[in-house]
Amino acid sequence: ALTYVAWLVWLPPLAAVPLVPLVSKAGGRAAGWFSVMVGTATLLLASLAAATFTGPATDTAAVWLGSLNVSLQVTADGLSLLVSVFVSFLSLLVLIFSLGYMKGEQGLGRYYALVLLFVGSMLGLVMAGILIQFYFFWELVGICSALLIAFWLDRDAARRRGLQACVATR
């Protein structure tokens, strides 16, 4: 049962990413509150996984990269669960803070989609069971970081810092 919960820790933020632009059509605040709800559910699932932890567990899903015969795998151990609770908690705080900080900004659907992609990628990285999966999520975290840093595309300094972040994560 622990491994099912471990899958659920990182999948909701990733599954919510394509929904954020749809929700943002109702307004930027709707996208923000939707993201906070997803962040809350993620924290609750991470906490549940940590609370029900009895010992390390690994679960393998169907083949992910068929031609290479690579499976998608989640590993739940003490460290990954502790870090997932920490990441989920901090992410929820960032999402709540963003409700006020980003109020009135343009492109909130893009912003919240990037934050949720970042959160899901970070949790996927923490729970990755194989190296190629770890690398995939590492790259997603780096890309999201660069795009969030360069969020204000009309500002030269933001674009330069985003490019620097992209180069630094390589």
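Right above here is the structure, for reference.
Residue positions within a chain follow its written sequence, with the count starting from 1. pLDDT decides what is reported in this predicted model: residues at 70 or higher carry local features, side-chain atom pairs at 80 or more are listed and counted, and totals for whole chains, interfaces and linings draw on all residues regardless. To obtain the side-chain values, all non-hydrogen atoms of the structure were included, while hydrogens and water were left out.

A.B. asks: Mind showing me how you'd approach the overall build of the chain here?
C.D. replies: Within the chain, the secondary structure is distributed over seven helices and two strands. Only DSSP runs of H or I with at least four residues qualify as helices, and only runs of E with at least two residues qualify as strands; both kinds are numbered from the N terminus onward. Along the chain, helices and strands appear, N-terminal first, in the series α-α-α-β-β-α-α-α-α. We compute the radius of gyration from the C-alpha atoms alone; for a globule the expected value is 2.2 Å times N to the 0.38, where N is the number of residues. Relative to the globule expectation of 15 Å for 170 residues, the C-alpha radius of gyration of the chain, 17 Å, shows essentially globular dimensions. Along the longest, intermediate and shortest principal axes, the C-alpha atoms of the chain span 45 × 30 × 25 Å. When each of the 170 residues of the chain is scored for burial, the buried share is 41%. By the convention used here, residues are in contact when the closest approach between their heavy atoms is within 4.5 Å. Within the chain, residue pairs in contact and separated by at least 24 positions form 69% of the contacts whose partners lie at least 6 positions apart. We count Lys and Arg on the positive side and Asp and Glu on the negative side, and we leave His and both chain ends out. The location of each charge is read from NZ of Lys, CZ of Arg, CG of Asp or CD of Glu. Charge separation in the chain, taken as the distance between the mean sites of 9 positive and 6 negative side-chain charges, equals 12 Å. For every residue, the accessible area obtained with a 1.4 Å probe (protein chains only) is divided by the maximum for its type, and the residue is called buried under 20%, exposed over 50%, and partly exposed between those limits.

A.B. asks: Help me out: how do you make sense of the layout of surface pockets in this one?
C.D. replies: Here the idea is plain: a probe the size of a water molecule rolls over the atoms and shows the empty space left. Detection works on a 1 Å grid of protein atoms alone, calling trapped sets that fit a 1.4 Å probe cavities and calling open sets with protein on both sides within 12 Å along at least five of seven lines pockets, with lining residues defined by an atom within 4 Å of a point. Grid points are joined across faces, edges and corners, and a volume is the space filled by probe spheres set on the points. Reported here for the largest pocket is a volume of approximately 180 Å³. Every residue along the wall of the largest pocket is listed here: Val87, Leu90, Ser91, Val94, Val115, Phe118, Val119, Met122, Cys144, Ser145 and Leu148. By the convention adopted, Pro, Cys, Tyr, Trp, Phe, Met, Ile, Leu, Val and Ala count as nonpolar, Lys, Arg, Asp and Glu as charged, and the other residues, Gly among them, as polar. Its residues placed into classes, the lining of the largest pocket shows nine nonpolar, two polar and no charged.

A.B. asks: Explanation requested: the environment of Phe34 in the structure shown.
C.D. replies: One can find Phe34 in helix 3 (residues 28-51). When its relative accessible area of 17% is taken as the criterion, Phe34 is described as buried. Discounting chain neighbours no more than four positions away, the residues touching Phe34 are Ala16, Leu19, Val20 and Val23.

A.B. asks: Would you mind showing me how to read the packing of helix 3 against helix 4 (residues 78-101) here?
C.D. replies: Helix 4 packs onto helix 3 with a crossing angle of 160 degrees between their chain directions and a minimal axis gap of 9 Å. Judged on the interaxial angle alone, helix 4 and helix 3 are roughly antiparallel. Helix 3 and helix 4 meet at a crossing whose hand is left-handed. Classifying every residue of the contact of helix 3 with helix 4 gives 13 nonpolar, eight polar and one charged. All axes are obtained by fitting lines to C-alpha atoms, using only the stretch in contact for helices, and the reported angles, taken between N-to-C directions, cover 0 to 180 degrees. Orientation is classified from the angle alone, with under 35 degrees giving roughly parallel, over 145 giving roughly antiparallel, 65 to 115 giving roughly perpendicular, and any other angle giving oblique. Note on convention: the crossing is left-handed when the near helix lies turned anticlockwise from the far helix by less than a right angle, right-handed when the turn is clockwise.

A.B. asks: I keep staring at helix 6 (residues 131-149) and nothing clicks. Help me out?
C.D. replies: Residues that lie three or four places apart on an α-helix share one face, since the helix turns once every 3.6 residues. Every helix has an expected span of 1.5 Å times one less than the residues it contains. Between its first and last C-alpha, helix 6 extends 27 Å over 19 residues, near the 27 Å set by a 1.5 Å rise per residue. Residues of helix 6 that are buried include every one of Gln133, Phe137, Glu139, Leu140, Val141, Gly142, Cys144 and Ala146, and no others.

A.B. asks: I tried to follow the packing of aromatic side chains on my own but got confused; where do I start?
C.D. replies: Under the pairing criterion, centres of Phe, Tyr and Trp rings, with the six-membered ring standing for Trp, must be within 6.5 Å; the plane angle then separates stacked pairs below 30 degrees from edge-to-face pairs above 60, leaving the rest tilted. Enumeration according to the criterion identifies six aromatic pairs in this entry. Ring geometry for Trp7 against Trp10: centres 5.7 Å apart, planes inclined by 35 degrees, an arrangement best described as tilted. One end of the pair is Trp7 and the other is Trp10, both in helix 1 (residues 2-16) and three residues apart, which spans about a single turn. Across the pair, Trp10 and Trp7 agree in class, each one buried. Between Phe97 and Tyr101 the ring centres are 5.4 Å apart and the planes differ by 20 degrees, which places this aromatic pair in the stacked class.

A.B. asks: What should I look at first to understand the packing of helix 5 (residues 108-127) against helix 6 in this one?
C.D. replies: For any two helices packed against each other, the geometry is given by the interaxial angle and the distance between the axes. For the pair helix 5 and helix 6, interaxial distance at closest approach is 8 Å and the crossing angle is 150 degrees. When the axes of helix 5 and helix 6 are compared, the pair comes out roughly antiparallel. The hand of the helix 5/helix 6 crossing is left-handed. Of helix 6, the residues touching helix 5 (which contributes Tyr111, Leu114, Val115, Leu117, Phe118, Gly120, Ser121, Met122, Gly124 and Leu125) are Phe134, Phe137, Trp138, Leu140, Val141, Cys144, Ser145, Leu147 and Leu148.

A.B. asks: Help me understand the environment of Asp59 in this model?
C.D. replies: By secondary structure assignment, the location of Asp59 is in strand 1 (residues 57-65). Put simply, Asp59 and Gln73 are 14 residues apart on the chain and 5.7 Å apart in space, counted from C-alpha to C-alpha.

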